[in-house]
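For reference, the chains in residue letters:
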Amino acid sequence: MYISHVSLTDFRSYAQADVELGPGTNVLVGPNGVGKTNIVEAIGYLATLSSHRVTNDAPLLRFGTDRALVRARVQRAKLVTSLEVEITAGKANRARINRANPVRARDILGIVRTVLFAPEDLALVKGDPSNRRRFLDDLLVILRPGEAATRGDYERVLKQRNALLKSARNGGKLSTAHESTLDVWDTHLARAGARVLRGRLEVLRLLSPYLGAAYASLADANKEAHAYYQATISPDFESEAAENKALDTEEVSRIAPAALLHAGTAEIEDMFLEALLNTREKELERGITLVGPHRDDVLLTLGTAPAKGYASHGETWSLALALRLAAYKVMGEDDPRPGAGPILILDDVFAELDATRRTRLATIVAGADQVIVTAAVASDVPAELGGTFLKVSPGAVKS
Amino acid sequence: MYEGAVQELIDELGRLPGIGPKSAQRIAFHILEADPQDMVRLAQAISVVKERVKYCTICFNVSESETCTLCRDERRSDEIICVVEESKDVVAIERSRAFSGRYHVLGGAINPINGIGPEQLHVRELIARLGDERITEIILATDPNLEGEATATYLVRTLRPLGIKISRLASGLPVGGDLEYADEVTLARAIEGRRNTAPSAPAAPLVRTPLPATEPTSSS
């Protein structure tokens, strides 16, 4: 798919901007701070209804306004769809498809699919586990929109269960009433958690082959990239297991036990219940739920060492890019119809890479239906990418 | 801030559920300007309700006497007890006229965040009632949200050893609605809980029409 036209009203720095884009590569060039990223952020917003830079919508509105409008024309094979999202401060966003009556904003999810690479992606490798969990969860929702509710259900059970643990702790001792209600919350937590886990394991299984290949094609292939799911409910789980250790096969099978990888939801639920039972004493002491998908992590490795803490800056970047590229491949495989391929957005990515990696990345992404690149300096963008250059100056975009 | 009595009234009204400071102010001025007789009647209604209305000693539904009219009604079946969270749920089920057994009002649902556990609900009294040998079935009609489901799970665990049949209200599509307007969770539940329509299917249970599902537990 590709976006042929984007129009922004009161979005970030723009009072009004219209950008014409074409299939293939489009490069937005302009000095720092003129609003290149704002344009790709708006496109990303149409795909995910969230920004890749901030967690709430308020900063997306032009300062002093209370309503922003993002319009776009999407071309998918022969089908043209026009989208419009109204972002309102403190109110539910509204969307229109083909100028029809407004619908709930989430009804437009799935019409535009994007994979966005940004400097923030370094956190996928270096940041806390929540970044990696979110990466898997977001991809799952793109692939299976029906799972959007799963994560929320889990969070709600978790809150209730934590409240109960806390009150049991404050009460000084565990009454039988506490104990029997805790059993109830355990079953609900395990049921909701098993679905979250099954979804994440499934996504990781789909990603894995592409991750290795993408890393090998980006960086020098002497180190292999792998991703392992570290489940806190797994019987052998130890939080320090992966640190400061070379990872031989035995170590890896302990971190990511095969039993979990191939388990169905019902089996995971049983494992979950057992883990809760085993940690109950500790949980009552701490007053918080200690095992479950909310404490899990994905262990990324290069060769035999964990990437976090051991990889160089360049390796970290390549691995983060490889994760995004793998996501792109998985999405392409999920919907292989011609013209359905996701839009690739490379926000300020080339400046961080050396010449070899730039060329390699350019070769890899050149086949996408549409690539939108932002760069401060035109010469950072490798010639292999080709495409149209658009000059961005404060408040205007010209070809 | 207003002077004396007006501000006091606004503060009192603001403590009511669903009424914010602006609404409290509007209602207070409505009371000030309204016909004095009407307002005296309102004040009386409030004090009378606090004096006269209590909870039924059997089922904990609101009642003006020791036991409520539903518990005293001899035409109702003693074999089935329908367990609900609040008195207003009794009214909702009664409107359906699909149920003619007895009720038990728990007084809420298990909700640790608000400090409500089974001991704050009328669970002990429910177990005591089940000593009656005439009772053959319990219908769990708690809300189809997280807290209601947890309460139902708790009751199933607690009551199962008694060997009485326990059923749970069906969740699914609202009657008279369009399939396309149902949200994903409700639709998934409806598919999970689908019924066999082959001739060998068991006769319709006492609760014939599933209650329209309230807004389910999820949204993204």
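Analysis parameters
Per chain, the residues get numbers from 1 upward, laid out in the order the sequence is written. To read the labels, note that chains go from A and ligands from 1, taken in the order they are written. With the structure being a predicted model, the display of local features is reserved for residues of pLDDT at least 70 and the display and counting of side-chain atom pairs for 80 or more, all residues being used for whole-chain, interface and lining totals. Excluding hydrogens and water, the side-chain values take into account all heavy atoms of the structure. UniProt positions are given in the numbering used here, feature names are shortened, and annotations may be inferred rather than shown by experiment. Think of it this way: any DSSP run of H or I at least four residues long counts as a helix, any run of E at least two long counts as a strand, and we number them from the N terminus. Contacts between residues were defined by any pair of non-hydrogen atoms, one from each residue, lying within 4.5 Å. Summary of the burial criterion: residues with accessible area below 20% of their type's maximum are buried, those above 50% are exposed, and those between are partly exposed, where the area comes from a 1.4 Å probe applied to protein chains only. Buried area: the accessible surface (1.4 Å probe) lost by two parts on joining, summed over both. Salt bridge criterion: a side-chain nitrogen from Lys or Arg within 4 Å of a carboxyl oxygen from Asp or Glu. Under this definition, polar contacts are N or O atom pairs within 3.5 Å; protein pairs additionally need one hydrogen-donor-capable and one acceptor-capable atom, and for neighbouring residues in sequence, both atoms have to be side-chain atoms. Three classes are used: nonpolar for Ala, Val, Leu, Ile, Met, Phe, Trp, Tyr, Cys and Pro, charged for Asp, Glu, Lys and Arg, and polar for all others, with Gly counted as polar. When DSSP finds at least two bridges between two strands, those strands are taken to pair. Axis geometry follows a simple rule: fit a line to the C-alpha atoms, using only the stretch in contact for helices, then measure angles between N-to-C directions, giving values from 0 to 180 degrees. Where a domain begins and ends is set by an automatic assignment or by a domain database.

Going by an unreviewed UniProt entry, chain B carries the name Recombination protein RecR and comes from Paeniglutamicibacter gangotriensis Lz1y. Among the UniProt annotations of chain B, the heading Sequence similarities (unreviewed entry) holds the following wording: "Belongs to the RecR family."

An unreviewed UniProt entry lists chain A under the name DNA replication and repair protein RecF, from Paeniglutamicibacter gangotriensis Lz1y. For the record of chain A, the UniProt heading Function (unreviewed entry) holds the text "The RecF protein is involved in DNA metabolism; it is required for DNA replication and normal SOS inducibility. RecF binds preferentially to single-stranded, linear DNA. It also seems to bind ATP." Listed under Subcellular location (unreviewed entry) in UniProt, the entry text for chain A is "Cytoplasm".

**Digging into the UniProt feature "binding site: ATP" (unreviewed entry) in chain A**
Residue and element names in this part refer to chain A. Under the UniProt annotation, the feature "binding site: ATP" (unreviewed entry) is placed at Gly30, Pro31, Asn32, Gly33, Val34, Gly35, Lys36 and Thr37. By the secondary structure assignment, glycine 30 is in the loop between β3 (24-29) and α1 (36-48). Excluding its chain neighbours within four sequence positions, the residues that come into contact with glycine 30 are Lys36, Ala375, Ala376 and Val392. Of note, glycine 33 is situated in the loop between β3 and α1. For glycine 33, a relative accessible area of 82% corresponds to the exposed category.

**Topic: the interface of chain B and chain A**
Counting residues at the interface gives 19 residues for chain B, matched by 18 residues for chain A. Contact between chain B and chain A buries roughly 1,700 Å² in total, counting both sides, with carbon and sulfur atoms accounting for 64%. Interface area lost by chain B to chain A is led by Pro112, Leu146 and Arg157 of chain B, which between them contribute 31%. In this structure, arginine 157 of chain B and aspartate 183 of chain A form a salt bridge, with 4.0 Å as the shortest nitrogen-oxygen distance. Our count for the chain B to chain A interface comes out at 4 residue pairs in polar contact (both at pLDDT 80 or more). Those elements that place two or more of their residues in the side of chain B that touches chain A are α7 (146-159) and α8 (184-192) of chain B. Of all the elements, α7 of chain B adds the most residues to the side of chain B that touches chain A, at 7 residues. Split into classes, the residues belonging to the side of chain B that touches chain A amount to 8 nonpolar, 6 polar and 5 charged.

**Some words on the sheet that holds strand β5 (residues 137-140) of chain B**
All names here are of chain B. Taken in spatial order, the 4 strands line up as β4-β3-β5-β6 in an open sheet, and their pairing is parallel. Here the strands that pair on one side only, and so sit at the sheet edges, are β4 (102-105) and β6 (165-168). The average angle at which neighbouring strand axes cross in this sheet is 25°, direction not considered. Across 4 bridges, strand β3 (residues 80-84) lies against β5 in parallel orientation. From the neighbouring strand, isoleucine 80 faces β5, where its bridge partner is glutamate 137. Its contacts with the sheet put helix α5 (residues 87-96) on β3 and β4, and the angle it makes with β4 is roughly 155°. Lying on the sheet, α7 is in contact with β3, β5 and β6; it crosses β6 at an angle near 170°.

**Quick look at the domain arrangement of chain A**
Note on interface size: it is often stated as the accessible area lost on association of the parts. Residues and elements named next belong to chain A. Structurally, chain A comprises domain 1 (2-113 + 339-398) and domain 2 (130-306). With 7 residues of domain 1 at the interface, the matching set in domain 2 holds 6 residues. Counting the surface lost from both domain 1 and domain 2, the interface buries some 620 Å², and carbon and sulfur atoms represent 48% of this. Together, Arg113, Arg357 and Arg360 form the three largest contributors to the area buried by domain 1 at its contact with domain 2, with a combined 61%. Where domain 1 packs against domain 2, one counts 3 residue pairs in polar contact (both at pLDDT 80 or more). Of the residues contributing to the side of domain 1 that touches domain 2, the split by class is 2 nonpolar, 2 polar and 3 charged.

**Looking at the sheet that holds strand β7 (residues 103-104) of chain A**
Residue and element names in this part refer to chain A. Reading across the sheet, the 6 strands line up as β2-β1-β4-β5-β6-β7 and stay open at both edges, with antiparallel pairing between neighbours. In this open sheet, the two strands that pair with only one neighbour each are β2 (14-20) and β7. Pairing analysis gives 10 bridges linking strand β4 (residues 67-76) to strand β5 (residues 79-88), with the strands arranged antiparallel. The residue of β5 that forms the bridge with glutamine 75 is valine 80. Along the sheet face, α1 touches β1 (2-11), β2, β4 and β5 and points at about 110° away from the line of β1.

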